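# Structural characterization, general
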Amino acid sequence: MPGVPSGRGCDACRQQKKKCDLSTHPCARCKRLDIACTGQGQQRYKFMSDDNSPASSDTSTRTTTSAKGAKARKPTHNGLSPSTITIYQGFDNHHTALIRSFVEKIKPSVGVKYNLAWTYGDYLNDIPARLGTNEALDAATGAFVTAFQRFSNPGIAGAHDVLEQYGLALAALRNCLSDTVKAKAPETLGAVLLLMNCQQFIWSPTGPCSSHAEGAAQILRLRGRPGTNDSFERNLLQSLRAVVLFESLFSDRISFTDQEWIDMFDNKVYTLSAEGRAVQCLTRLPNLMRRAKKLLQGIDQSHFELAILQHQAQSLRDELEPSLIDVQKRFEGMTSTASLSRRLGNELSGLIHCHYIRTYGIGLTIAILINELRIAVSKEHANILQESHTFALQMLDLALSATQYRPVGASVLNLCLLAAEIGAADSSTAWAARQLRMDYDTDFRDPTASSVTGYDWKLICGREAAWS
């Protein structure tokens, strides 16, 4: 009774005997009809009887063909006479174990300290349903799970297991990228982002792993304006763009035009919260810093250009202020964690408390980064320095409060502490921020390493290049 492979179309298209567009999910027909697109890409088999098979005489349907080509059905002993039986291909043990292991890491009941979906983005919630449809996504998920398992419990997997899985995932990704159809699939984009996140768990005692943000920037540029209705792809792009935006402030190799940044963070596509509006302000900062750098290095000397930059930097800071006030009020107006725990339970109250810490920390980080540009292009910047120093002190308090949510839940505070170090007005505060950042950094470093070396990040244009 051999299994004959059938098509990989979705259930709705198969039922109506329509050709299914496998290049997108949901397929064009399901999207047009606004119906669920399930089963797309899954291999199915038609099990047909084989007259030469001994088992077919009693337990399966037998099909014979007359000389004219007509099919005649012979009923089995139970009186049933279907000519074919269509079933779905089930996941093998490897896929089942992978899905189960991945779901365990993202389910809501996992505390904020180790909840991956809450930390890295909602796109992770859609991955289990797509496993088995894209070899790059499967391999990247396996590498991500293995790396996180070693991170959370070093005795489960060795470093060589993690690196082996990571290498296999890179090979699978290269194969998908060489296929023009698969390269455009959101599942392949998901594999890229998973591998970027995976690097955080591949420990390096001497400095940061390369985040491949330049490659991610190229992907965003090639995809153009984000107008997708696919929630999975939309969440992927939201997570990817944030990585690229922050790294563009430290790397001249990541560059977009003003219009490309606007399109990437189009608020007609994304509903923006207070912290989202703050991040949108940040999109204008990389190019302003590049213009200031050219002017301050004497490449484009112009007092008129300096006046324009001073005005634009101040306007950007003014635009940020309402969002910063919103996240500050939300954080300061929060009741105590003990009170929240009594009303909402420990897990939910911890998530809310950590969320308010993170969003306020991100707001302060953006304010400090904008102030660095203001300091660079302003001759009178004592007040700006004092404001950044105040924000740096607040950041230290936030990072100490967020220690209870380490390692994963508070990982964004590492970036915030970097901003605190940049914004500090005296060496003692900068050193305190650096030491706490290095302490946070040990969460993602090899515990067998004897020491962890701090590393420096340098803004494209900051107070070191201040106008004189």
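Remember, predicted model here, so these are calculated numbers, not experimental data.

Looking now at helix α19 (residues 413–423). Most of α19 is tucked away, with 10 of its 11 residues classed as buried. Turning to α19, its buried residues are L413, N414, C416, L417, L418, A419, A420, E421, I422 and G423.

The next point concerns the environment of P26. Here P26 shows up in the loop between α1 (11–15) and α2 (28–33). Classification of P26 by relative accessible area gives partly exposed; the value is 27%. Taking C-alpha positions, P26 is 7.3 Å from D230, a pair spaced 204 residues apart along the chain. Beyond its immediate chain neighbours, meaning those up to four positions away, P26 contacts K31 and C37.

Here we take up the environment of Y166. Tracing the backbone shows Y166 in helix α7 (residues 159–177). Among the residues examined, Y166 registers a relative accessible area of 11% and is labelled buried. Sequence separation of Y166 and F144 is 22 residues, and the distance between their C-alpha atoms is 8.0 Å. Here Q199 takes part through its side chain, which lies 2.8 Å from a polar atom of the side chain of Y166.

It is worth spelling out the confidence of the model for the protein at this point. Fine structural detail should not be taken from predicted coordinates in areas where pLDDT scores are low. Of all residues in the protein, 76% have pLDDT values of 70 or greater, and the mean over the chain is 78. Of all the helices and strands in the protein, strand β3 (residues 62–65) carries the lowest mean pLDDT, 38, while helix α18 (residues 382–401) carries the highest, 95. Contacts for the low-pLDDT stretch residues 47–90, under 50 throughout, to residues beyond four places or in other chains number 64 contacts. Counting contacts from residues 205–210, a segment whose pLDDT is below 50, to residues more than four positions away or on other chains yields 13 contacts.

What counts, and where the lines are drawn
- Residues numbered from 1 in each chain as written.
- Predicted model: local features only at pLDDT ≥ 70, side-chain atom pairs only at ≥ 80, totals over all residues.
- Heavy atoms only, no water.
- Buried < 20%, exposed > 50% of the residue type's maximum accessible area, 1.4 Å probe, protein only.
- Helix = DSSP H or I, 4+ residues; strand = E, 2+ residues; numbered from the N terminus.
- Contact = heavy atoms within 4.5 Å.
- Polar contact = N/O pair within 3.5 Å; in protein donor to acceptor, adjacent residues only side chain to side chain.
- pLDDT = per-residue confidence, 0-100.

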